[in-house]
Amino acid sequence: GAVVSQHPSWVICKSGTSVKIECRSLDFQATTMFWYRQFPKQSLMLMATSNEGSKATYEQGVEKDKFLINHASLTLSTLTVTSAHPEDSSFYICSARDGTSGADTQYFGPGTRLTVL
Amino acid sequence: AQSVTQLDSHVSVSEGTPVLLRCNYSSSYSPSLFWYVQHPNKGLQLLLKYTSAATLVKGINGFEAEFKKSETSFHLTKPSAHMSDAAEYFCVVGLYKFYFGSGTKLNVKP
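Conventions adopted
- Residues numbered from 1 in each chain as written.
- Chains lettered and ligands numbered in written order.
- Predicted model: local features only at pLDDT ≥ 70, side-chain atom pairs only at ≥ 80, totals over all residues.
- Heavy atoms only, no water.
- Helix = DSSP H or I, 4+ residues; strand = E, 2+ residues; numbered from the N terminus.
- Rg over C-alpha atoms; globule rule 2.2 N^0.38 Å.
- Buried < 20%, exposed > 50% of the residue type's maximum accessible area, 1.4 Å probe, protein only.
- Contact = heavy atoms within 4.5 Å.
- Areas by Shrake-Rupley, 256 points an atom, 1.4 Å probe, with all protein chains shown as cover.
- Lys, Arg positive; Asp, Glu negative; His and termini not counted.
- Charge placed at Lys NZ, Arg CZ, Asp CG, Glu CD.
- Phe/Tyr/Trp six-rings, centres within 6.5 Å; stacked < 30°, edge-to-face > 60°.

1. Considering the overall build of chain A
- A count of helical and extended segments in chain A gives zero helices and 11 strands.
- For 117 residues, the compact-globule formula gives about 13 Å, and the C-alpha radius of gyration of chain A, at 13 Å, lands near that figure.
- C-alpha atoms of chain A, sized along the principal axes, occupy 40 × 25 × 25 Å.
- In chain A, which comprises 117 residues, the proportion classed as buried is 50%.
- Sequence-distant contacts, at least 24 apart, represent 55% of the contacts inside chain A between residues at least 6 apart.
- Split by element, the accessible area of chain A, about 5,600 Å² in all, is 53% carbon and sulfur.
- Looking at charge distribution, chain A has the averaged site of its 10 positive side-chain charges lying 7 Å from that of its 10 negative ones.

In structure tokens, the structure reads:
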């Protein structure tokens with residue numbers, strides 16, 4: 001079956017530094033990837049949609065200069081949290097959609113827990 | 001515009017009794033609807049999805065959900081709860097983009 005991986009699974013960083021999170025589709029080509037954020041004991045919030053080879057589309061209220069998304073290949077999207085602050089601490093989850101399944105099929109990664117000190 | 005409302009933040013049942021997790025949605029078009037489960041420290045797992053075929057959808061682990069357009073509901077049920085069902089459940093609406101409900105935490109008592 002379709003597998004999506006994320007790296008790292010957890011990361012701790014100092015305030016003011018930048019952190020990069022990778023999302024990979026392991027056995028399919030992901031034409032579109034999505035990034036979500038989940039605060040403790042809350043639901044997932046869609047942050048942005050990433051299409052291979054084009055700029056990401058951000059949801060309302062999400063700072064695009066803060067959360068840089070790059071989808072350089074059909075199997076890799078990266079989310080960089082720039083100048084991280086404690087309020088950026090969260091669980092970040094990516095999902096990927098391949099071009100052969102229906103538009104409603106997304107495969108989720110296991111998530112990355114970010115803690116900013 | 002699309003949105004989804006999960007009516008109960010917490011549900012507690014005894015093992016062997018039925019489970020009902022409620023979900024209402026709104027959408028400007030006919031959406032796809034899903035239920036996902038998230039166990040502690042684990043990723044999201046798709047339980048079932050509705051995509052305009054049969055209104056009663058059967059999923060994994062004995063779960064099923066019924067799509068009722070007139071009530072804009074997509075409630076999740078299981079006839080008999082198991083301890084391993086204890087987790088967070090999310091109702092999701094969308095086609096291209098997914099929008100998650102606030103989640104329902106299911107507790108199963110022995």
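2. So, the packing of aromatic side chains
- Going through the model one piece at a time under the given rule, you end up with 15 aromatic pairs over all chains.
- Ring centres of Y50(B) and F67(B) lie 4.1 Å apart, and the angle between their planes is 15 degrees; on these two criteria the pair is classed as stacked. Of this pair, Y50(B) sits in strand β6 (residues 44-50) while F67(B) sits in strand β8 (residues 64-68); the two residues are 17 residues apart in sequence, bridging distant segments of the chain.
- According to the relative accessible area criterion, Y50(B) is buried, its value standing at 7%.
- Given a relative accessible area of 10%, F67(B) falls into the buried group.
- Taken together, the aromatic side chains of Y36(A), F108(A), F34(B), Y36(B), F90(B), F98(B) and F100(B) make up a single cluster linked through ring pairs.

3. Let's talk about the environment of L79(A)
- By the element assignment, L79(A) lies in strand β8 (residues 76-81).
- Among the residues examined, L79(A) registers a relative accessible area of 0% and is labelled buried.

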